[in-house]
Amino acid sequence: MTTRILIADDQEDIRSGFRLILDSQPDMTVVGEAADGETAVALARELRPDVVLADIRMPRLDGLEVTRLLAPRTRVVVVTTFDLDEYVHTALRNGACGFLLKRSGPALLIEGVRAAMAGDTLISPQITVRLLSRLTQAGPVAARPAAHPLTEREVDIVQLVARGLTNAEIGAELFISAGTAKTHIANVQAKLGARNRVGIAAWAWEHGIAKAEADTP
């Protein structure tokens, strides 16, 4: 099955470069390009791509607003030069399926598209390290076990999502299939009202459920 991709970036050379990278993959094809946010939204609704790659700073509508308008019905991966924490938090809060830096290279771009299609959220490693470091420094608040509707198994899932594990890695950790892990995550999202995996992770830290990797058995 071919993944259909829409590229939204105001720089033509960036769009051309992304197209070359993605069209070179046997399971991907670029179905459209947009040089501004309004066109991106219109094309996404017309062409119904599987994934939209959206820059943040674009004319008419920026990538953060594009994400808000399209997610979660359309998978949006933000690909930008700017790694400001404010941008990362807003993009993920608006439902982005990933946040990648343009300097991260073609391999991560391809991986980001595949992760979005698999229901995972990929964030550039530089950003992930920084965010996790700050969460660890801040520390979780006191746990409130009675305040959530999750089963014991779902709590296990949430803890692993908060560590950044993929569906396959969660499955291996808990001796279940990746598909079963994905089903559990979907159930958790519905119970918590989270838009994506990052929303689950944020909830875990806020409720004292997340564990640093070093603290896990």
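I will try to describe carefully the structure that is included in this document. (Residues numbered from 1 in each chain as written. Predicted model: local features only at pLDDT ≥ 70, side-chain atom pairs only at ≥ 80, totals over all residues. Heavy atoms only, no water.)

## What about helix α4 (residues 85–93)?
Piece 1. The complete set of buried residues in α4 reads D85, Y87, V88, T90, A91 and L92.
Piece 2. Phi for G95, located one or two positions after α4, is positive at around 105°. (Buried < 20%, exposed > 50% of the residue type's maximum accessible area, 1.4 Å probe, protein only. Helix = DSSP H or I, 4+ residues; strand = E, 2+ residues; numbered from the N terminus.)

## With respect to unusual backbone geometry
Piece 1. Of note, the bond from A71 into P72 is cis; its omega dihedral lies within 30 degrees of zero at 0°.
Piece 2. A positive phi is found at R60, a non-glycine position, where the angle reads about 70°.
Piece 3. You can see R60 is positioned in the loop between β3 (51–54) and α3 (63–70).
Piece 4. Classification of R60 as exposed rests on a relative accessible area of 58%.

## Overview of the sheet that holds strand β6 (residues 122–123)
Piece 1. Overall, parallel pairing links the 6 strands, which are arranged β2-β1-β3-β4-β5-β6 in an open sheet. Where the open sheet ends on each side, the last strands, each with one partner, are β2 (28–34) and β6.
Piece 2. Judged from the 6 bridges that link them, strand β1 (residues 3–8) and β2 form a sheet pairing that is parallel. From the neighbouring strand, I7 faces β2, where its bridge partner is E33. (Pairing = 2+ DSSP bridges.)

## Brief notes about the side chain of Q159
Piece 1. Relative to the elements of secondary structure, Q159 occurs in helix α7 (residues 152–162).
Piece 2. Residue classification places Q159 among the buried positions, given a relative accessible area of 17%.

## Looking at the pairing of strand β5 (residues 98–101)
Piece 1. Burial of β5 is two-sided: the residues G98 and L100 facing one way and the residues F99 and L101 facing the other way are all buried.
Piece 2. Traced from strand β4 (residues 75–80) through α4 to β5, the parallel crossover comes out right-handed.
Piece 3. Here β5 pairs with β6 via 2 bridges, running parallel. The residue bridging F99 from the neighbouring strand is I123, located in β6.
Piece 4. Of the crossover connections in this fold, the one passing from β5 over helix α5 (residues 106–117) to the parallel β6 is left-handed. (Right-handed = clockwise from strand over helix to strand, strands pointing away.)

## Focus: the environment of E38
Piece 1. Position of E38 relative to the elements: it lies in helix α2 (residues 37–47).
Piece 2. You can call E38 partly exposed: its relative accessible area is 38%.
Piece 3. Put simply, E38 and A8 are 30 residues apart on the chain and 9.8 Å apart in space, counted from C-alpha to C-alpha.
Piece 4. Discounting chain neighbours no more than four positions away, the residues touching E38 are R60 and L61. (Contact = heavy atoms within 4.5 Å.)

## Description of helix α9 (residues 178–192)
Piece 1. Counted at 1.5 Å a residue, the expected span for α9 with its 15 residues is 21 Å, and the 21 Å between its end C-alpha atoms agrees.
Piece 2. If you check which residues of α9 are buried, you get A181, I185 and V188. Seen end-on, α9 carries its buried residues on one side only, within an arc spanning 60°.
Piece 3. Where α9 is buried, its residues meet α7, α8 (167–174) and α10 (197–206).
Piece 4. The first or second residue beyond α9 is G193, which carries a positive phi of 70°. (Expected span 1.5 Å × (residues − 1). Arc of directions from axis to C-beta.)

## Re the packing of aromatic side chains
Piece 1. Within this structure, the stated rule accounts for 0 aromatic pairs.
Piece 2. One residue, R57, lies across the ring of F82, its end atom 3.7 Å from the ring centre. (Phe/Tyr/Trp six-rings, centres within 6.5 Å; stacked < 30°, edge-to-face > 60°. Lys NZ or Arg CZ within 6 Å of the ring centre and 35° of its normal.)

## Some words on the pattern of salt bridges
One side chain can pair with another of opposite charge once the charged atoms of both are near each other.
Piece 1. For the coordinates displayed, the defined rule picks out 11 salt bridges.
Piece 2. Measuring nitrogen to oxygen at the nearest pair gives 3.6 Å for the salt bridge that ties R19 to D23. Of the two residues, R19 and D23 are both situated in helix α1 (residues 12–23); the distance of 4 residues between them amounts to about one turn of the helix.
Piece 3. For R19, a relative accessible area of 28% corresponds to the partly exposed category.
Piece 4. In this structure D23 comes out as partly exposed when scored by relative accessible area, which is 35%.
Piece 5. Note that R114 is salt-bridged to D27, the shortest N-O span being 2.8 Å. Of this pair, R114 sits in helix α5 while D27 sits in the loop between α1 and β2; the two residues are 87 residues apart in sequence, bridging distant segments of the chain.
Piece 6. Linked through salt bridges whose partners overlap, the residues forming this network are R15, R19, D23 and E33. (Salt bridge = Lys/Arg side-chain N within 4 Å of Asp/Glu carboxyl O.)

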